Amino acid sequence: MKMSPKAEDYISVPQKEAETISILELKEPVKNNDAEDPSKANDTIELKPKMTLLNGITVIVGSIIGSGIFVSPGGVLKNTGSVNMALVVWITSGIFSMIGAYCYAELGCMIKKTGADYAYIMVTLGKFLAFIRLWVECMIVRPCTVAIVALTFSIYAVKYFFPECEPPDESVRILAAVCICILAFVNCWA
């Protein structure tokens, strides 16, 4: 006997009323049934979901794995003391990440609004805390993430020129700053 979840199980999450939905949240353009007069047609601008399976996989790999996979194995191996224990740590971390991904997928199925974390926090905790979380993401988390990725790239790129010793910190930082400036320019130009 297979039991499927009922719609009533998911209704406990507060949803917006139909009158407060903004134009950008519409999925299909609203058209007037009056076909004779094209000036009365009300086409709206909309956000269409374009995420494919390949896009989803690359987003997950880029955000969860990131550049830390290139930095952390040495530290994990050094602090665990053996290869087997390092593998146990990596497998345990993978299980925790998988549980987090399942929870995030459940949130995405229950709250069908664009905005990911912002939308989830707005529905559960309110607009102010959602704004604060978004502000912290934009002003602190994202710039720090870009800096870490640039520094990781710079360490590996400069290590090629210093195979016998540690690369100088100044050259690593300068290369990281140049990488960030180039990527910012390409992002603004495109």
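Predicted model, so just to flag it, every value in this text is computed and none were measured.

Calculation notes
- Residues numbered from 1 in each chain as written.
- Predicted model: local features only at pLDDT ≥ 70, side-chain atom pairs only at ≥ 80, totals over all residues.
- Heavy atoms only, no water.
- Helix = DSSP H or I, 4+ residues; strand = E, 2+ residues; numbered from the N terminus.
- Buried < 20%, exposed > 50% of the residue type's maximum accessible area, 1.4 Å probe, protein only.
- Contact = heavy atoms within 4.5 Å.
- Areas by Shrake-Rupley, 256 points an atom, 1.4 Å probe, with all protein chains shown as cover.
- Salt bridge = Lys/Arg side-chain N within 4 Å of Asp/Glu carboxyl O.
- Phe/Tyr/Trp six-rings, centres within 6.5 Å; stacked < 30°, edge-to-face > 60°.
- Lys NZ or Arg CZ within 6 Å of the ring centre and 35° of its normal.
- Disulfide = S-S within 2.5 Å.
- Polar contact = N/O pair within 3.5 Å; in protein donor to acceptor, adjacent residues only side chain to side chain.
- Patch = residues over 30% accessible without salt bridge, like charges linked within 9 Å, V, L, I, M, F, W, Y side chains within 5 Å.

Asks: Got a minute to help me understand the overall build of the protein in this structure?
Replies: A tally of regular secondary structure across the protein gives 6 helices and 0 strands. Shown N-terminal to C-terminal, the secondary structure of the protein runs as helices and strands in the order α-α-α-α-α-α. With 190 residues in all, the protein has 13% of them scored as buried. If you take every contact in the protein between residues at least 6 apart in sequence, the share linking residues at least 24 apart comes to 26%. A total accessible area of about 15700 Å² is found for the protein, and carbon and sulfur atoms account for 69% of it.

Asks: Where do I start with the pattern of salt bridges in this structure?
Replies: Scanning all chains against the criterion turns up 3 salt bridges. Ionic pairing is found between Asp117 and Arg133, a salt bridge with its closest N-O pair at 2.7 Å. One end of the pair, Asp117, is in helix α4 (residues 117-125); the other, Arg133, is in helix α5 (residues 127-159), and 16 residues separate them in sequence. Given a relative accessible area of 27%, Arg133 falls into the partly exposed group. For Glu137, the salt bridge identified is with Arg142, shortest N-O distance 2.5 Å. Taking the relative accessible area as the measure of exposure, Arg142 reaches 53% and is therefore exposed. When salt bridges that share partners are traced, they join Asp117, Arg133, Glu137 and Arg142 into one network.

Asks: What is the right way to look at the environment of Ala116 in this model?
Replies: Within the secondary structure, Ala116 sits in the loop between α3 (83-110) and α4. In this structure the C-alpha to C-alpha distance between Ala116 and Tyr104, which are 12 residues apart in sequence, comes to 9.1 Å.

Asks: I tried to follow the packing of aromatic side chains on my own but got confused; where do I start?
Replies: Here a ring pair, both rings aromatic, is described through the centre-centre distance and the interplanar angle of the planes. By the definition in use, this model includes 3 aromatic pairs. The interplanar angle of 75 degrees and the centroid separation of 5.7 Å between the aromatic rings of Tyr104 and Tyr120 together place this pair among those described as edge-to-face. Taken together, the positions of Tyr104 in helix α3 and Tyr120 in helix α4 put the pair 16 residues apart, joining distant regions of the chain. Looking at Tyr120, the relative accessible area reads 11%, which means it is buried. Between Tyr160 and Phe161, the aromatic rings sit 5.4 Å apart at their centres with planes inclined by 80 degrees, giving edge-to-face as the arrangement. Take Phe161: its relative accessible area is 64%, and that puts it in the exposed class. Between Lys159 and the ring centre of Tyr156, over which it is positioned, the NZ or CZ distance is 6.0 Å.

Asks: Can you help me understand the state of the cysteines in this one?
Replies: Taken as a whole, this structure holds 0 disulfides when the rule is applied. Left without a disulfide partner, Cys179 is nearest to the cysteine sulfur of Cys181, which lies 9.4 Å away. Residue Cys179 is classed as buried on the basis of its relative accessible area, which comes to 17%.

Asks: Help me understand the side chain of Glu137, please; the structure alone is not making it clear to me.
Replies: Take Glu137: it is sitting in helix α5. Overall, the relative accessible area of 14% leaves Glu137 in the buried class. In terms of polar contacts, Glu137 uses its side chain to reach the side chain of Arg133, at 2.7 Å. Once residues within four sequence positions are removed from consideration, Glu137 is found in contact with Arg142 and Pro143.

Asks: I tried to follow a nonpolar patch on the surface on my own but got confused; where do I start?
Replies: On the surface, a nonpolar cluster with roughly 910 Å² of combined accessible area is contributed by Leu125, Phe128, Leu129, Phe131, Ile132, Trp135, Met139, Ile140 and Val141. Counting residues per element, the nonpolar patch draws most heavily on α5, at 8 residues. Checked against the element boundaries, Trp135 lands in helix α5. A relative accessible area of 44% places Trp135 in the partly exposed class.

Asks: Before we go on, may I ask you to explain α4 in this structure?
Replies: Two residues of an α-helix separated by three or four positions point the same way, owing to the 3.6 residues in each turn. Along α4, the residues that are buried comprise Ala119, Tyr120, Ile121, Met122 and Val123. Against α3 and α5 lie the buried residues of α4. After α4 finishes, the residue Gly126 shows a positive phi value of roughly 110 degrees.

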